[in-house]
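Residue-level structural notes
If you want the building blocks of each chain, they are given just below.
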Amino acid sequence: MGEPEPLPLPLLLPLLRLLVFLTLSSLFLFHSASSEIFFEERFQDGWKSRWVLSDWKRSEGKAGTFKHTAGKWSGDPDDKGIQTYNDAKHYAISAKIPEFSNKNRTLVVQYSVRFEQDIECGGGYIKLHSGYVNQKKYGGDTPYSFMFGPDICGTQTKKLQVILSYQGQNYPIKKDLQCETDKLTHFYTFVLRPDATYSILVDNRERDSGSMYSDWDIFPPRKIKDVKAKKPVDWDDREYIDNPNDVKPQGYDSIPAEIPDPKAKEPDNWDDEEDGIWKPSKIPNPAYKGPWKRKKIKNPNYKGKWKTPWIDNPEFEDDPDLYVMKPINMWASKYGRLVRFFDNILICDDPQYAKQVVEEISANREIEKEAFEEAEKERRAREEEEAKRAREEGERRRNDRIVGMEIEGATEGMIRVITWMITMMNYEASRAIFTRIVLHVWKTVLFHIVREGLYFVGRMSSPCGLLVV
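Residues numbered from 1 in each chain as written. Predicted model: local features only at pLDDT ≥ 70, side-chain atom pairs only at ≥ 80, totals over all residues. Heavy atoms only, no water.

What follows is about the overall build of the protein chain. Across its full length, the protein chain holds 6 helices and 21 strands. Restricting to contacts in the protein chain with at least 6 residues of sequence separation, those with at least 24 account for 73%. (Helix = DSSP H or I, 4+ residues; strand = E, 2+ residues; numbered from the N terminus. Contact = heavy atoms within 4.5 Å.)

Here the focus is the pairing of strand β6 (residues 107-115). Consecutive residues of a regular strand have side chains that alternate between opposite faces of the sheet. For β6, a buried count of 9 out of 9 residues is recorded, marking the element as mostly surrounded by other parts of the structure. Judged by which residues are buried, β6 turns out to be covered on both faces: Leu107, Val109, Tyr111, Val113 and Phe115 on one side and Val108, Gln110, Ser112 and Arg114 on the other are all buried. Sheet analysis places β6 next to strand β11 (residues 186-192), joined by 7 bridges and oriented antiparallel. Bridge assignment links Gln110 to a residue of β11, and that residue is Thr189. (Buried < 20%, exposed > 50% of the residue type's maximum accessible area, 1.4 Å probe, protein only. Pairing = 2+ DSSP bridges.)

Here the focus is the pattern of salt bridges. The tally for this structure, following the rule as stated, stands at 25 salt bridges. Residue Asp55 pairs with Lys136 through a salt bridge whose shortest N-O separation is 3.7 Å. Residue Asp55 is found in the loop between β2 (51-53) and β3 (66-69), and its partner Lys136 is found in the loop between β7 (121-130) and β8 (146-153); the two are separated by 81 residues along the sequence. Judged by relative accessible area, Lys136 falls into the partly exposed class, the value being 40%. Between Arg389 and Glu385 there is a salt bridge, with the nearest N and O atoms lying 3.3 Å from each other. A residue pair is termed a helical-turn pair when its members lie 3 or 4 positions apart in one helix, as Arg389 and Glu385 do in helix α5 (residues 365-424) at 4 residues. (Salt bridge = Lys/Arg side-chain N within 4 Å of Asp/Glu carboxyl O.)

Before going further, it helps to examine the side chain of Asp319. With respect to the secondary-structure elements, Asp319 resides in the loop between β19 (310-312) and β20 (330-336). Among the polar contacts made by the side chain of Asp319, one reaches the main-chain amide nitrogen of Asp321 at a distance of 2.9 Å. (Polar contact = N/O pair within 3.5 Å; in protein donor to acceptor, adjacent residues only side chain to side chain.)

To continue, consider the side chain of Ser112. Take Ser112: it is sitting in strand β6. For Ser112, the side chain forms a polar contact with the side chain of Asn344, separated by 3.0 Å. Setting aside chain neighbours within four positions, we find Ser112 in contact with Thr185, His186, Phe187, Phe341, Phe342, Asp343 and Asn344.

This model, assessed by the stated rule, comprises 1 cavity of 30 Å³ or more. In this model, the largest cavity occupies a volume close to 40 Å³. Taken together, Val113, Arg114, Phe115, Glu180, Thr181, Asp182, Leu184, His186 and Tyr188 form the lining of the largest cavity. Sorting the residues of the lining of the largest cavity by element identifies β6 and β11 as the ones contributing at least two each. With 3 residues, β6 is the largest single contributor of residues to the lining of the largest cavity. When grouped by side-chain class, the residues that make up the lining of the largest cavity number 4 nonpolar, 2 polar and 3 charged. (1 Å grid on protein atoms, 1.4 Å probe; cavity = no way out; pocket = protein on both sides within 12 Å on 5 of 7 lines; lining within 4 Å. Points joined across faces, edges and corners; volume = space filled by probe spheres on them. Nonpolar A, V, L, I, M, F, W, Y, C, P; charged D, E, K, R; others polar.)

Bringing unusual backbone geometry into the picture now. What you tend to see is this: most non-glycine residues have negative phi, and most peptide bonds are trans. Despite not being glycine, Phe43 shows a phi value in the positive range, around 55°. Relative to the elements of secondary structure, Phe43 occurs in the loop between β1 (37-41) and β2.

This next bit is on the nonpolar core. Within the largest apolar cluster, 50 residues are counted, with the highest numbers of intra-cluster contacts made by Phe146, Phe148, Val162, Phe190, Ile200, Met212 and Trp216. At 5 residues, β6 tops the list of elements feeding residues into this core. With residues up to four places along the chain from it excluded, the contact list for Val162 reads Phe146, Met147, Phe148, Tyr171, Pro172, Ile173, Leu177, Phe190, Ile200 and Trp216. Counting 10 residues, the second largest nonpolar core, distinct from the first, contains Val108, Phe187, Leu201 and Cys348. (Core = buried A, V, L, I, M, F, W, Y, C linked by side-chain atoms within 4.5 Å.)

What follows deals with the confidence of the model for the protein chain. Detailed reading of predicted coordinates is not advised where the pLDDT is low. For the protein chain, mean pLDDT is 79; residues scoring 70 or higher make up 74% of the total. Per-element confidence in the protein chain ranges from a low mean pLDDT of 41 for helix α1 (residues 9-34) to a high of 96 for strand β12 (residues 197-202). Confidence over residues 9-33 falls short of pLDDT 50; this stretch has 4 contacts with residues more than four positions distant or in other chains. Low pLDDT (under 50) marks residues 454-469, which in the prediction has 10 contacts with non-local residues, meaning those over four places away or in another chain. (pLDDT = per-residue confidence, 0-100.)

By the definition in use, this model includes 18 aromatic pairs. Their ring planes at 70° and their centres at 5.6 Å tell us that Phe43 and Trp47 sit as a pair that is edge-to-face. Accessibility assignment for this pair places Phe43 and Trp47 in one class, buried. Note on Phe219 and Phe316: the rings are 5.8 Å apart at their centroids and 85° apart in plane angle, and the pair reads as edge-to-face. Of this pair, Phe219 sits in the loop between α2 (212-215) and β14 (223-225) while Phe316 sits in the loop between β19 and β20, and the two are 97 residues apart along the sequence. The same class applies to Phe219 as to Phe316, namely buried. Three or more aromatic residues link up through ring pairs in this structure, and these residues are Tyr111, Phe146, Phe148, Tyr188, Phe190, Tyr198, Trp216 and Phe342. Sitting above the plane of the Tyr213 ring, Arg222 keeps its charged end 4.4 Å from the centroid. (Phe/Tyr/Trp six-rings, centres within 6.5 Å; stacked < 30°, edge-to-face > 60°. Lys NZ or Arg CZ within 6 Å of the ring centre and 35° of its normal.)

Looking now at helix α4 (residues 351-361). Within α4, burial applies to Ala354, Val357, Val358 and Ile361. On an axial view of α4, the arc spanned by its buried residues comes to 95°, and they lie on one face. (Arc of directions from axis to C-beta.)

Turning to the environment of Pro351, a few remarks are in order. Residue position: Pro351 is located in helix α4. Classification of Pro351 by relative accessible area gives partly exposed; the value is 37%. Put simply, Pro351 and Thr189 are 162 residues apart on the chain and 9.0 Å apart in space, counted from C-alpha to C-alpha. Among residues more than four places away in sequence, those in contact with Pro351 are Thr106, Val108 and Val191.

Further remarks concern a negative patch on the surface. A cluster of acidic side chains, namely Glu266, Asp268, Asp272, Glu273, Glu274 and Asp275, defines a negative patch on the protein surface. Here Glu266 is to be found in the loop between β16 (258-260) and α3 (272-275). (Patch = residues over 30% accessible without salt bridge, like charges linked within 9 Å, V, L, I, M, F, W, Y side chains within 5 Å. Areas by Shrake-Rupley, 256 points an atom, 1.4 Å probe, with all protein chains shown as cover. Lys, Arg positive; Asp, Glu negative; His and termini not counted. Charge placed at Lys NZ, Arg CZ, Asp CG, Glu CD.)

This is the structure in structure tokens:
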């Protein structure tokens, strides 16, 4: 039998594409199998069975409730989360996480939040709690291991809080991190690695990074300056020195700094007997270069500027498990005071998977933005209509006060005139003037009644589409 004929190119290309696809799929499955999702919540059907609403502040009438909704504007109306329902209330809800440990592995905590109203003061945090937690009594004072999320208060505070607990004490991050302040959905991601380095991402973009050793005051610094150190006597910190081989030119010191002005002339009216011997004025000598100095050259013995050396801090005691959340029984919780929308909670050990979740949800971001802009347009229209009605109501009340004042003034004047005429006993004049005053008052009253009546009809008719001229 002869050698098999090679496949034609049109048949070979699809097979090559299939081979590449299967290879990539195998790599993806291998990667997914090596990662672990400790907790993921997208608030679909059955979410209430996993979450417990706390009674914190309920006895004081200050506890709010959560509602299951997609929010006022959403990229996907079927993608629902939980939203705080009442203004200026306290909210706390928690869910138990299966036991896990982040020892020797990366920890990723991620969630999305959307503030649908202007915030005066409030936050929307996620917390991880260690040990047992009474979920019905869970509140703001419940000890926690980790707190992460935006904190907004007035125009000054717009922070992204990152607080870690170590040996029962809470340590806020020393950096001033800014959170998002618009009314769209944003993802907040915290990544903690076994070497105690971390990254903070907002919408999949790294906002900051660093180390637990340097960015939290958990430990004293590893190195400190040696306050007892002194600069060695033979330490040469002169970068440049005088050239020892440089020699002063002969006659250099005899060059005068000033010379007579060669352009100066003795005045015609100068009298030596009266004015003395005339001397020309002095000018700077262009040949004079100042006091002679040797030229500078690089110092071959230069050791640099001396600095106080760093030494090991005797008070520093390392903990290789600094990054490990202890103990391993944790609770995810939501805590806040103002209207906000929570969703897409994820706790895992795979930053790449967390990134894919953000990309998946953010695919509808433009739709959400368009819905928000439409909602803002409707809100502004409502506010303008309410302002218009308020102005019209204010004008009507002012007109009412003017009518009352005119009638009151006319009546008071009439009473005074009648009283005067009765006193004077001029009955004929009293009757004529009284008639004129009454007619004037009634004309004033009828004029305002007709005017206000047309105004009222116009107001009542406008919403119905009628035009009153």
